[in-house]
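Here is how the chains run, residue by residue.
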Amino acid sequence: MAVRRASHSGTWYNESAKELSNQLENWLGAAELTHGPARAIIAPHAGYQYCGACAAFAYRQISPFVVQRIFILGPSHNVRLSGCALSSAVKYRTPFYDLQIDNEVYEELESTGHFERMSMKVDEDEHSIEMQLPYIAKVMQDYKDKFTIVPVMVGSLSTEKESLYGHIFSQYLADPKNLFIISSDFCHWGQRFRYTFYEKSWGEIHQSITTLDHKGMDIIETLKPAAFVEYLKTFSNTICGRHPISVLLQAANHLRTQKLSLKFLKYAQSSKCYNLGDSSVSYASASLIIE
């Protein structure tokens, strides 16, 4: 029974279940339920001290008694991957309780021939999926034996592959019992990120970053995959979860006959940049509902 350790606990978030629970409760309590029940959310994956409060706005939109299966699509930060990869684990550990991987769905995905398996080391080194797990465990705590997870690491996909994976996931997105969590931060700005785009007419650097991010968020809300690809080509914004976001947009594209509405609910920056020596990471939380 291979269990993936909570490898980032104690550093990126609190390893004490009691303290972590209090922290998450406070953040969730400060967020309002305004765009739910979510069929998909976009949530950041930085250390909780930076993005925990922002992430709560996405997680607050989840209706736990409806959800039976949670797909988590996170970008790969450490390994080169041209497709998507599934975990080798059976369970994912959190400070609260273990989350069970949905073996049946894993077999369905593998049968398409478009998914590989990542090693346990690759899985445990990556933070983009893990940073969603404590929030999932917290929000779903009253139903902890009644849901499974489907973790998927998303590589640097071509537009064609984004479309392919969107098609594969669309049948799952169509089912109200499923929830998709798209793990992404927004602009990584500064010399350490090799990204210093600055439009002076938009104000200070941090205001320029805000405008840049909101242009992207506005386009994501239109649910038009091609427009998002065009935005990324124009500005090269360092949105690390751009491929998982694009896969969601492609999947949503297959459900056009239904009424879909994606809204961003919270935006934050790790710090405010005023000069070229500064750096920051942006965070944004969104919810997609299907009526």
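Residues numbered from 1 in each chain as written. Predicted model: local features only at pLDDT ≥ 70, side-chain atom pairs only at ≥ 80, totals over all residues. Heavy atoms only, no water.

*Asks:* Help me understand the pairing of strand S3 (residues 69-75), please; the structure alone is not making it clear to me.
*Replies:* Residues in a regular strand point their side chains to alternate faces of the sheet. Across the seven residues of S3, six count as buried, placing the element largely inside the fold. Here S3 pairs with strand S8 (residues 148-154) via seven bridges, running parallel. Considered in S8, the bridge of leucine 73 is made with valine 152. Across five bridges, the pairing between S3 and strand S9 (residues 178-183) is parallel. (Buried < 20%, exposed > 50% of the residue type's maximum accessible area, 1.4 Å probe, protein only. Helix = DSSP H or I, 4+ residues; strand = E, 2+ residues; numbered from the N terminus. Pairing = 2+ DSSP bridges.)

*Asks:* Can you help me understand the state of the cysteines in this one?
*Replies:* Counted under the stated rule, the structure contains zero disulfides. Cysteine 54 forms no disulfide, and the closest cysteine sulfur to it belongs to cysteine 51, at a distance of 7.1 Å. Among the residues examined, cysteine 54 registers a relative accessible area of 3% and is labelled buried. Counting only cysteine sulfurs, cysteine 240 is the nearest neighbor of cysteine 84, a cysteine outside any disulfide, at a range of 15 Å. Its relative accessible area of 1% is what places cysteine 84 among the buried residues. (Disulfide = S-S within 2.5 Å.)

*Asks:* Whenever I open this one, the nonpolar core confuses me. Can you help?
*Replies:* Side chains of a nonpolar character, in soluble globular proteins, are inclined to be buried together. Formed by 93 residues in total, the largest nonpolar core has its most connected members in Tyr59, Ile70, Ile136, Phe169 and Leu173. Residues in contact with leucine 173, not counting those within four places in the same chain, are Arg39, Ala40, Phe180, Leu248, Ala251, Ala252, Leu255, Leu288 and Ile290. Of all hydrophobic cores here, the second largest spans five residues; its members include Ala46, Cys51, Cys54 and Tyr283. (Core = buried A, V, L, I, M, F, W, Y, C linked by side-chain atoms within 4.5 Å. Contact = heavy atoms within 4.5 Å.)

*Asks:* Any chance you could explain the sheet that holds strand S5 (residues 91-92) here in plain terms?
*Replies:* Hydrogen bonds between backbone groups are what pair the strands of a sheet, and the pairing can be parallel or antiparallel. As summarised here, the arrangement of the three strands in space is S1-S5-S6, forming an open sheet in which the pairing is mixed. Of all strands in the sheet, those bounded by a partner on one side alone are strand S1 (3-4) and strand S6 (99-100). Where S1 and S5 come together, two bridges link them in parallel fashion. Residue pairing across strands places arginine 4 opposite tyrosine 92, the latter belonging to S5.

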